[in-house]
Amino acid sequence: MATNDFAIRGIPRRHSFELLEGYIMCSVIASLDDLGVLDILEEKGLRVEDVGGNLQLARDTVFYLVDRGVVAPDGDVYRLTGYGRELLRDRGYIFWIAGGFGEPFWRFGELVSGKSKYGKDISRDGRIVAVSSADLGLEDLKPYVHSLLSEIEFTRVADFGCGNARNLIGICGLKDADGLGVDISADAIAEARREVAKDGLTERITVVEADASNAAAIPGLETVDLVVGFFFMHEVLEQGLDYFVSYLRGLAERLPAGAHVLAAEVLPPQRDRACPETFTPEFTLIHALMGQGLLSEEGWSDAFRQGGFEIRKTVRPNIPGGLLLLAQKTD
Ligand SMILES: C[S@@+](CC[C@H](N)C(=O)[O-])C[C@H]1O[C@@H](n2cnc3c(N)ncnc32)[C@H](O)[C@@H]1O
């Protein structure tokens, strides 16, 4: 890894340069992901002309990736190094933050000063958030979700904040269940419809653009025996803990007896200075930027209990600070 150059040349490490490297690398990786270039790189290696029509910048981009040890030349093709493969394994996280939240962060000053308002003047990119969230969960969430769901029975699944519906498609496939995807973002719903059609599942899975924080507005919940909400419940919590609990009560009233809810969240950092945390401070700040707070495991469990559910299981997936909570409607 090129950062070791500091040590090799006897120059003391300067953390600010590591941050600059991270900033540029994340921006480049997110852009190449959006262009589909990372798929080509993973599948068959990269030629300069695969990167883009601006051949001079495309060449310099490849040289940059070589300089930083992400790819190495192999004849006239550039292939991922071990370090590059490791980075791309986590490309969903990079695309989510540097792509989905690119604008809110370069305009962070406007938000923190109060000059601009999140959601009115400045927003995340709904399409990128939908696509990157699914990638992010592929290896770090999906196996844990599938293992948890293999222990329960369900025939009809609703996915609140379904994003591009890749999670919903996978879950329905586990038990040959029908699906209902709900998302408030028109861009996410467009991606979801594409994915459902691509897999030939339009007869089994419906996706609707709606506000899932209003249980009354979601059609057909009476026949849904599993609700999943991955990185969605904090969107409802944004309206306050009392609102969230009454939302869960409304949900419990409409769901059939024995219905399950499976939520995935990221917990806030424990703020233990002796033990710096990975990812949770950034995740927490991103949600603070949107006016959203997060709860601890106890906080989520208490809210679900007050909302008329029993906690059946909590599991820590392979996401730093990640939590999966399986709840079931009490009688
Ligand atoms: C972080 S993404 C997660 C997407 C997906 N669940 C996944 O894990 O891949 C959160 C999703 O919730 C959607 N969302 C936010 N507020 C919502 C609301 N009130 N009703 C429905 N969807 C909402 C967003 O548009 C976004 O697609």
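Given the structure is predicted, the values throughout are model-derived calculations rather than measurements.

1. As for the overall build of the protein chain
Helices and strands together make up the secondary structure of the protein chain, namely 17 helices and nine strands. For the protein chain, whose C-alpha radius of gyration is 21 Å, the value lies close to the compact-globule estimate of 20 Å for 331 residues. When the backbone C-alpha atoms are referred to their principal axes, the protein chain occupies close to 65 × 45 × 40 Å. A separation of at least 24 residues holds for 67% of the contacts in the protein chain among residues at least 6 apart in sequence. For the protein chain, the accessible area works out to roughly 16400 Å², and carbon and sulfur atoms hold 51% of it. In the protein chain, the 34 positive side-chain charges and the 51 negative ones have mean positions that sit 2 Å from each other.

2. Some points on the site of the ligand
Taken together, 19 residues sit near the ligand, with Gly161, Asp183, Asp211, Ala212 and Phe230 positioned nearest. Between Asn167 and the ligand, the recorded distance is 3.2 Å, taken from a side-chain N or O atom to an oxygen atom. Note that a nitrogen atom of the ligand is positioned 2.8 Å from one of the backbone N or O atoms of Ala212. Relative to its unbound accessible surface of 590 Å², the ligand loses 95% to contact with the protein. Here the ligand occupies the second largest pocket. With three residues, helix H10 (residues 126–140) is the single largest residue contributor to the shell around the ligand. Taken together, the residues that form the shell around the ligand break down as nine nonpolar, six polar and four charged.

3. Details of the packing of helix H11 (residues 142–149) against helix H12 (residues 166–175)
Two numbers describe how H11 lies on H12: the axes approach to 11 Å, and their chain directions differ by 30°. For the pair H11 and H12, the crossing hand works out as right-handed. Contacts between H11 and H12 involve Val145, His146 and Leu149 from the former and Gly170, Ile171, Leu174 and Lys175 from the latter. By residue class, the composition of the contact of H11 with H12 is four nonpolar, two polar and one charged.

4. A short note on the domain arrangement of the protein chain
Reports of interface size often rely on the accessible area that becomes lost once the parts have come together. Splitting the protein chain by domain gives domain 1 (2–89) and domain 2 (126–329). Centre-to-centre, using C-alpha coordinates, domain 1 lies 33 Å away from domain 2.

5. Re the UniProt feature "domain: Methyltransferase" (unreviewed entry) in the protein chain
Those places that UniProt annotates as "domain: Methyltransferase" (unreviewed entry) correspond, in this numbering, to residues 157–238. With 34% helix and 24% strand, residues 157–238 has its two end C-alpha atoms placed 24 Å apart.

6. Some remarks on the state of the cysteines
Within this structure, the stated rule accounts for zero disulfides. Not engaged in a disulfide, the cysteine Cys162 finds its nearest cysteine sulfur in Cys172; these two sulfurs lie 11 Å apart. Residue Cys162 is classed as buried on the basis of its relative accessible area of 4%.

Conventions adopted
Residues numbered from 1 in each chain as written. Predicted model: local features only at pLDDT ≥ 70, side-chain atom pairs only at ≥ 80, totals over all residues. Heavy atoms only, no water. Helix = DSSP H or I, 4+ residues; strand = E, 2+ residues; numbered from the N terminus. Rg over C-alpha atoms; globule rule 2.2 N^0.38 Å. Contact = heavy atoms within 4.5 Å. Areas by Shrake-Rupley, 256 points an atom, 1.4 Å probe, with all protein chains shown as cover. Lys, Arg positive; Asp, Glu negative; His and termini not counted. Charge placed at Lys NZ, Arg CZ, Asp CG, Glu CD. Near = heavy atom within 4 Å. Polar contact = N/O pair within 3.5 Å; in protein donor to acceptor, adjacent residues only side chain to side chain. 1 Å grid on protein atoms, 1.4 Å probe; cavity = no way out; pocket = protein on both sides within 12 Å on 5 of 7 lines; lining within 4 Å. Sits in = over half its atoms within 2 Å of the grid points. Nonpolar A, V, L, I, M, F, W, Y, C, P; charged D, E, K, R; others polar. Axes fitted to C-alpha atoms, helices over the stretch in contact; angles between N-to-C directions. Left-handed = near helix turned anticlockwise from the far one by under 90°. Domains from an automatic or database assignment. UniProt positions renumbered as here; feature names shortened; annotations may be inferred. Disulfide = S-S within 2.5 Å. Buried < 20%, exposed > 50% of the residue type's maximum accessible area, 1.4 Å probe, protein only.

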